[in-house]
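# Summary of structural features
Residue strings, one per chain:
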Amino acid sequence: MSPSVRLQEMIRVIRSARTQGEERGVIQRECAAIRAQFRQGDNGSRSHNLAKLLYVHMLGYPAHFGQMECVRLIASPRYNEKRIGYLGAMMLLDEKQDASLLITNSIKNDLSHSSQYVQSLALCTLACMGSAEMCRDLAPEIERLLRASNSYIKKKAALCAVHIVRKVPELGELFTPSARSLLSEKNHGVLHGAVVLITELCERNPDTLDQCRKAVPELVQIMKGLVMSGYSPEHNVAGISDPFLQVRILRLLRILGRNNDTASDAMNDLLAQVATNTDSSKTAGSAVLYETVLTIMDIKSESGLRVLAVNILGRFLLNNDRNIRYVSMTSLQKIVQTDHNAVQRHRGTIVDCLKDQDASVQRRALELSLALVSAVNIRSLMKELLLFLSSCPLELRAHTTSGIFIAADRYAPSQRWHIDTILHVLTTAGGDVRDETVPNLIQLITTAAELHSYTVHKLYRALVTDISQQSLVQVACWCIGEYGDLLLKGECEETEPVQVTEDDVLDALETVLQSHMSSPATRAFALTATMKLSTRITNNVDRIRSIVSIYGSCIDVELQQRAVEYNALFKKYDHMRAAVLERMPVIDKNSPGHSNGDFTAGFKEPELVKVKQAETDRPQETTDQACDLLGLLGDSAQPLQPTTAPSSASTNIGGDLLDLLGGLDPIPAPTVTVYEKNDLSLKLQTDKKTDTGVTVTFTAFNSSDTDISSFTLQVAVPKSVQLQMKAPSGDLIPAQGAGPVTQTVFLSNPNKVNLKMRVRVQYSKQGSVCQDMLQIDSFPAPAWQ
């Protein structure tokens, strides 16, 4: 291939290469020829060679040696050379390259050129790769072009100004007056550039946002003109007049109407008009309607308008396009807490989306269905969720089971229904449930005394049918060990009783012990259940003793220890066996292991720290004094009560010590940073208000150059702690630490347990939604001191 080959011929030869090595050889020869011609200074073929070099760059090969040729071509007076030069600069240069500074003067000269096309090239290049220094130097020229008479140039200048504002936010004030004046233009390209520029200015500067709110009536008139205008072939897209401009205006109105009653009232009628007059059968119309819905939900709109927005999203659920259905459910998920009744009307359509073949649509439908569960629809909706569980993908099973358990725990109409639901889940997907499911179900069973016989019969049937579901087998073993006598009696009013002998029960437990599918924890449940049956049956105690003795030499240390201890009960402490193996007492629901909060299932409450008591062989007075001193630490589960009269020397000593410490003021708690990410920091401070109440204050700071919006906090604590969240000071965190957002949480902790807290942080930054979960395991003093 000769050095003077045309671009089209070079492309043809490269594409005809049979191997990568052959392609690489062709490109190396051509690059060598291009270098030689660059050194010779052949002005006639300079642009031709640079065009070929740009194609080589697009294929991923190095082309940095053409950067200086870009600078030379930009300075050329010929338009065709300038065009290739500017294109090369946009592709080969960036703000990190020193060569980019060499074209600043050329761009400035071309911005004042008599030809609009040369000006356009300079504007496009500056908007593409202009560094902060270039933007500062050329910002006055861009502002001048925003006031030009040529619409073509104003459109390009507006988009270039957007890049400058993003690079150097403090230059935004320079463009604000010109941007406002562009809204009076008739050219749609200029209007589009103006709306994008004003949007960027409002997001960067709160003062500009207040100024631009005065332009809401003007924006409303432009939008009305687009909605009500007749057919315009120049701007028509699938029957919608310039949907791109409509979407941009709606997005700007959403920013201007947020947290502002006046601006929201001015656009309510327009939003209703757009929502009712836009055809959603085409993608362009759906895009406009979707932006309309987001705007309605984000501003302070009327209740009827919000219902209309939810109905639009409901129509989207019937669309054949899965992307539109996914977007609709994502939006409904955000508003289901605030507009629950309106979303509830579309429950049937949402449940139908569980049958979709797309896994992402199924996941969104599942999350939304779980959010719609209430005390009114718990039975009907749970049937659909259980049906979905039987056929859902493996990656969704854990999430489905967790959501069903939370919904059943919150809205169960009866204890029997609750138990049946959990057992159904364990039978269907017992291997996908969380670890805390077993103790939670055991707690539920112990509290339902009238259902013990029914539960043990049902679990025995399930155990005999299938021992592969470990969680189900563990609960079944526990119930058989506790209520085996009820099983053997064969009396059950709620279900058909099963006639079971002692040998049948022991055979079932031995099967679990010997099965290769049983985990060590499951075998431990089965061994303990077998031991407990020794006090509930009469004819097979020797068989139980034999089973237990076998595991005294088990390789599993846990099973071996249990078996040795149980053997000791048989041999040395047989007179105590009945008392040791009696039924477990009812488990308090507020005991450790139960959680408070939807998104923290399995968040275990920390146990009380027990302080060692004094030795029992010490004198009584010394022991009393030690207990009084320990009481000062706040260790007791009950709050200390002041004594009205001393009853002994020990109480006098303890009272004196309490009096000495009673006058001290609490030390202010330090501020602790609990979250730092994406230039957002979240700090926590505690303030003790009462003996059992503490106020926790979260303060969020934004150190980035852009505002953070839609900031929300969700908090969950153990169920023994009562939680009360106050309204936040706002949901917009200004940039550069201009103003923090605070939210106060009041915690009531009557048991004075060690506090743990789980916090979900959600916010939007530069159009992307961020969500993080953090757990706080230690709090600064004086949380419970």
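Analysis parameters
Residues numbered from 1 in each chain as written. Predicted model: local features only at pLDDT ≥ 70, side-chain atom pairs only at ≥ 80, totals over all residues. Heavy atoms only, no water. Salt bridge = Lys/Arg side-chain N within 4 Å of Asp/Glu carboxyl O. Helix = DSSP H or I, 4+ residues; strand = E, 2+ residues; numbered from the N terminus. Buried < 20%, exposed > 50% of the residue type's maximum accessible area, 1.4 Å probe, protein only. Axes fitted to C-alpha atoms, helices over the stretch in contact; angles between N-to-C directions. Parallel < 35°, antiparallel > 145°, perpendicular 65-115°, else oblique. Left-handed = near helix turned anticlockwise from the far one by under 90°. Contact = heavy atoms within 4.5 Å. Core = buried A, V, L, I, M, F, W, Y, C linked by side-chain atoms within 4.5 Å. pLDDT = per-residue confidence, 0-100. Pairing = 2+ DSSP bridges. Arc of directions from axis to C-beta.

### Digging into the pattern of salt bridges
Following the criterion strictly, the structure yields 34 salt bridges and no others. For Glu9, the salt bridge is made with Arg12, and the minimal N-O distance between the two is 2.4 Å. Separated by 3 residues within a single helix, Glu9 and Arg12 lie in helix 1 (residues 7–15), roughly one turn from each other. One salt bridge connects Glu170 with Arg136, and the closest N-O pair in it is separated by 3.6 Å. Of the two residues, Glu170 is situated in the loop between helix 9 (151–167) and helix 10 (172–181) and Arg136 in helix 8 (residues 132–146); the sequence distance between them amounts to 34 residues. Since its relative accessible area comes to 44%, Arg136 is described here as partly exposed. It is possible to trace a salt-bridge network through shared partners that takes in Asp503, Asp507, Glu510 and Arg543.

### Considerations on the packing of helix 22 (residues 378–391) against helix 23 (residues 394–411)
Following both chains from N to C, one finds helix 22 and helix 23 inclined at 160°, their axes separated by 10 Å at the closest point. Considering the angle they form, helix 22 stands roughly antiparallel to helix 23. Relative to helix 23, helix 22 is oriented so that their crossing is left-handed. Facing helix 22, whose interface residues are Ile378, Met382, Leu385, Leu386, Phe388, Leu389 and Ser390, helix 23 presents Leu396, Arg397, Thr400, Thr401, Ile404, Ala407, Ala408 and Tyr411.

### Some details on the nonpolar core
In terms of nonpolar packing, the biggest core is built from 175 residues, with Ile142, Phe175, Leu197, Ile249, Leu332, Leu426 and Ile480 touching the most fellow members. At 11 residues, helix 27 (residues 470–489) tops the list of elements feeding residues into this core. Beyond its immediate sequence surroundings of up to four residues, Ile249 is in contact with Val195, Leu219, Ile222, Met223 and Leu226. Residues Tyr675, Leu684, Leu713 and Leu755 belong to the second largest nonpolar core, which totals 28 residues.

### Description of the environment of His113
Within the secondary structure, His113 sits in the loop between helix 6 (104–111) and helix 7 (116–129). Setting aside anything within four residues of it in sequence, one finds His113 in contact with Val118 and Gln119.

### Some words on the confidence of the model for the protein
Confidence in the prediction of the protein, expressed as mean pLDDT, is 82, and 86% of residues score 70 or more. Note on residues 592–666: pLDDT is under 50 here. Beyond four places in sequence and across chains, it has 97 contacts.

### Considerations on the pairing of strand 10 (residues 757–765)
Counting buried positions over the 9 residues of strand 10 gives 7, a clear majority of the element. Two strands pair when backbone bridges link them, and strand 7 (residues 708–718) and strand 10 are joined in this way by 7 bridges, in the antiparallel orientation. Across the sheet, Ile708 pairs through a bridge with Lys765, a residue of strand 10. Bridge analysis of strand 10 against strand 11 (residues 768–776) gives 9 bridges, and the strand direction is antiparallel. Bridging across to strand 11, Lys765 finds its partner in Ser768. As consecutive antiparallel partners, strand 10 and strand 11 are separated by 2 residues, and within that stretch Gln766 has a phi angle of approximately 55°, a positive value.

### Things to note about helix 1
An α-helical turn contains 3.6 residues, so any two residues separated by three or four positions project in the same direction. For helix 1, the full list of buried residues reads Met10, Ile11, Val13 and Ile14. Taken end-on, helix 1 shows its buried residues confined to a sector of 165°, consistent with a single buried face. If you follow the buried residues of helix 1, they end up packed against helix 2 (20–40) and helix 3 (46–58).

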